[in-house]
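# Survey of secondary and tertiary structure
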Amino acid sequence: MHLLDVRQARVLHLAAAVGTGCLLTLMLLLNSELARHGGALFASWTAHGTGALVAIALLLLLATRSGAPGQSFRYSAAPAPWWAYLGGMTGAVNVMLSSTAVNIGLALTGTQAVALSTQMLFSLAADRWGLLGLPRQRLAWRDLWPVLLIVTGSAIIIFAGRDP
Amino acid sequence: MILALTFAAMSGILVGLNRQINGRLGLSTSPMFASFTNHLVGFVLLSLAGAAIGGLLSGDALNSPWYAYLGGPIGVIFVATSSWLIPRIGAVQTTMLMISGQMLSGVALDIARDAPGSLWARLLGVALIMTGILMTRKRAR
C-alpha cells in the first residue's frame, strides 16, 4: 500500500472491484450450467468444495513464496472474533433460500433488482456504523450520487434491457 | 409475490453480510484465508444440508461440461478480492463497483449471445453506470 501513490491505489481498487464484478457474471453462468444438470444444491456444494481445495492450494503457494501467507495485508492487530469464521454460513443459507425460491417458481425479473437494492442498502448501513468490526467510512451526500446512478442504470438494464 | 420479494431482499442482505464478515476475517488473517474459510464452512454446511434433505446427487451432474466446474475456483478469487477491498474502500464502493462490473459484463454477454432485449435501454443503463463509476470519490486513506 505504501509503495503505491494514492492515484495508483485508486485505479487498482477500481479495476479490482469492477473486474471482480465481471468475474461474478462468469461464475454465475458456470454455476447455473452445473445446476442445470446436477441441481442447485449440488452446484453450490461442488463450487464450495472445489473452491476450498483451490483456496488451500493458493494459500500453500503464497506461503512458500513469502513466508507468512498474506500477512502483509494485516493491519488489525486484534485476533478475529469467532463469528468472523462463519461467513460461509451466509453463503450456504443463501443457496438454500434461492433454490427454494426457484423450486416454488419465484424466478421473477424484479427479484434481482430487489436483491441488488437491499445489498446496496446494507452496504450503506455497514459503512455508516462500521458493522461487524470493519472500519467506519464517512459518508457524505455526494457519495450517494454514484449509488443512485448505478442502481438506476442497473434497474434499467434489468427491467427494460432484457426480454423476460 | 410477497414471498418472492422477501426472499430476494434477504438474499441481498446475506450477500452484504457475507462480504462484511469475510472482510473482518481477512483483516486479522488474510483475504485468501478468509476465502478458504468461507468455502470450507459453506461446503461443510451444504454437505449437512444435503445429508438432511437428500437429493444432493440426484441430478445427472456427469453430463455437465468440464468447464462448469470452474465456478468454484472463480468464486475463490471473488471472495478474496472483496475481502481485500472492503476494509480499504468501504462496503458502499465495493458493492456498487462490483454490481457495476456485473451489469456491464452481463450486457456484453447478452449482446454477444444475441439475447433479445432493447439495445437503447442497455446503452442508457451502461451510460448511467459508467457515469456513476467515474463519480466515485477517492477515500482519504
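Residues numbered from 1 in each chain as written. Chains lettered and ligands numbered in written order. Predicted model: local features only at pLDDT ≥ 70, side-chain atom pairs only at ≥ 80, totals over all residues. Heavy atoms only, no water.

The next point concerns the overall build of chain A. Looking only at helices and strands, chain A has five helices and zero strands in total. Sequence-ordered secondary structure for chain A, helices as α and strands as β, is α-α-α-α-α. Looking at chain A as a whole, 42% of its 164 residues are labelled buried. (Helix = DSSP H or I, 4+ residues; strand = E, 2+ residues; numbered from the N terminus. Buried < 20%, exposed > 50% of the residue type's maximum accessible area, 1.4 Å probe, protein only.)

Our focus in this paragraph is the UniProt feature "transmembrane region" (unreviewed entry) in chain A. The sites that UniProt annotates as "transmembrane region" (unreviewed entry) are residues 12-30, 42-62, 82-107 and 144-161 of chain A. Regarding residues 144-161 of chain A, the helix share stands at 89% and the strand share at 0%, and the terminal C-alpha atoms are separated by 24 Å. (UniProt positions renumbered as here; feature names shortened; annotations may be inferred.)

This part is about the UniProt feature "transmembrane region" (unreviewed entry) in chain B. All names here are of chain B. When the UniProt feature table is mapped to this numbering, "transmembrane region" (unreviewed entry) covers residues 40-59, 66-86 and 119-136. Secondary structure across residues 40-59 comprises 70% helix and 0% strand; the distance between its end C-alpha atoms is 23 Å. Taken as a whole, residues 66-86 contains 76% helix and 0% strand, while its terminal C-alpha atoms sit 32 Å from one another.

Turning to unusual backbone geometry, a few remarks are in order. Here A:Leu132, not a glycine, exhibits a phi torsion of approximately 55°, which is positive. Note that A:Leu132 resides in the loop between α4 (109-129) and α5 (144-159). Look at B:Asp114: it is not a glycine, yet its phi comes out positive at around 60°. Looking at the element boundaries, B:Asp114 is found in the loop between α3 (71-112) and α4 (119-135).

Before going further, it helps to spend a moment on the packing of aromatic side chains. The final tally for this structure, using the stated rule, is four aromatic pairs over all chains. Ring centres of A:Trp45 and B:Phe43 lie 5.4 Å apart, and the angle between their planes is 20°; on these two criteria the pair is classed as stacked. Of this pair, A:Trp45 sits in helix α2 (residues 40-66) while B:Phe43 sits in helix α2 (residues 31-53), each in a different chain. The exposure class of A:Trp45 is partly exposed, given its relative accessible area of 21%. Look at B:Trp66 and B:Tyr67: their rings are 5.8 Å apart centre to centre, the planes differ by 80°, and that puts the pair in the edge-to-face class. Taking the relative accessible area as the measure of exposure, B:Trp66 reaches 66% and is therefore exposed. Residue B:Tyr67 is classed as partly exposed on the basis of its relative accessible area, which comes to 38%. Cluster of aromatic residues (ring-pair linked, three or more members): A:Phe42, A:Trp45 and B:Phe43. (Phe/Tyr/Trp six-rings, centres within 6.5 Å; stacked < 30°, edge-to-face > 60°.)

Turning next to α2(B). Over its 23 residues, α2(B) runs 32 Å from end to end, which matches the ideal 33 Å to within 8%, given 1.5 Å per residue. Positive backbone phi, approximately 85°, marks B:Gly54, located one or two places after α2(B). (Expected span 1.5 Å × (residues − 1).)

Each side of the interface is counted separately: chain B has 109 residues, and chain A has 112 residues. Carbon and sulfur atoms make up 75% of the surface buried where chain B meets chain A, a total of about 10100 Å² over both sides. At the surface where chain B touches chain A, the tally comes to zero salt bridges. For the pair chain B and chain A, the interface holds 16 residue pairs in polar contact (both at pLDDT 80 or more). Of all the secondary-structure elements, those providing two or more residues to the side of chain B that touches chain A are α1 (2-28), α2, α3 and α4 of chain B. (Contact = heavy atoms within 4.5 Å. Buried area = accessible area lost by both parts, 1.4 Å probe. Salt bridge = Lys/Arg side-chain N within 4 Å of Asp/Glu carboxyl O. Polar contact = N/O pair within 3.5 Å; in protein donor to acceptor, adjacent residues only side chain to side chain.)

When you line up the elements, A:Ser154 lands in helix α5. You can call A:Ser154 buried: its relative accessible area is 3%. Those residues within four positions of A:Ser154 in sequence are excluded, and the remaining contacts are A:Leu116, B:Ile99, B:Met103 and B:Ile129.

The next subject is the side chain of B:Thr29. Secondary-structure assignment places B:Thr29 in the loop between α1 and α2. In this structure B:Thr29 comes out as buried when scored by relative accessible area, which is 14%.

Time to look at the nonpolar core. Grouped together as the largest cluster of nonpolar side chains are 30 residues, with contacts concentrated most on B:Leu85, B:Met103, B:Ile129 and B:Ile133. Secondary structure elements with two or more residues in this core: α1 (6-38), α4 and α5 of chain A together with α3 and α4 of chain B. For this core, the leading source of residues is α3(B), giving 14 residues. Mapping this core onto the domain boundaries places at least three of its residues in each of domain 1 (1-73) and domain 2 (108-164) of chain A. Among residues more than four places away in sequence, those in contact with B:Ile133 are A:Leu14, A:Val18, A:Ile150, B:Leu97, B:Ser100 and B:Leu104. Membership of the second largest hydrophobic core comes to ten residues, among which are A:Leu34, A:Leu41, B:Leu56 and B:Ala68. (Core = buried A, V, L, I, M, F, W, Y, C linked by side-chain atoms within 4.5 Å. Domains from an automatic or database assignment.)

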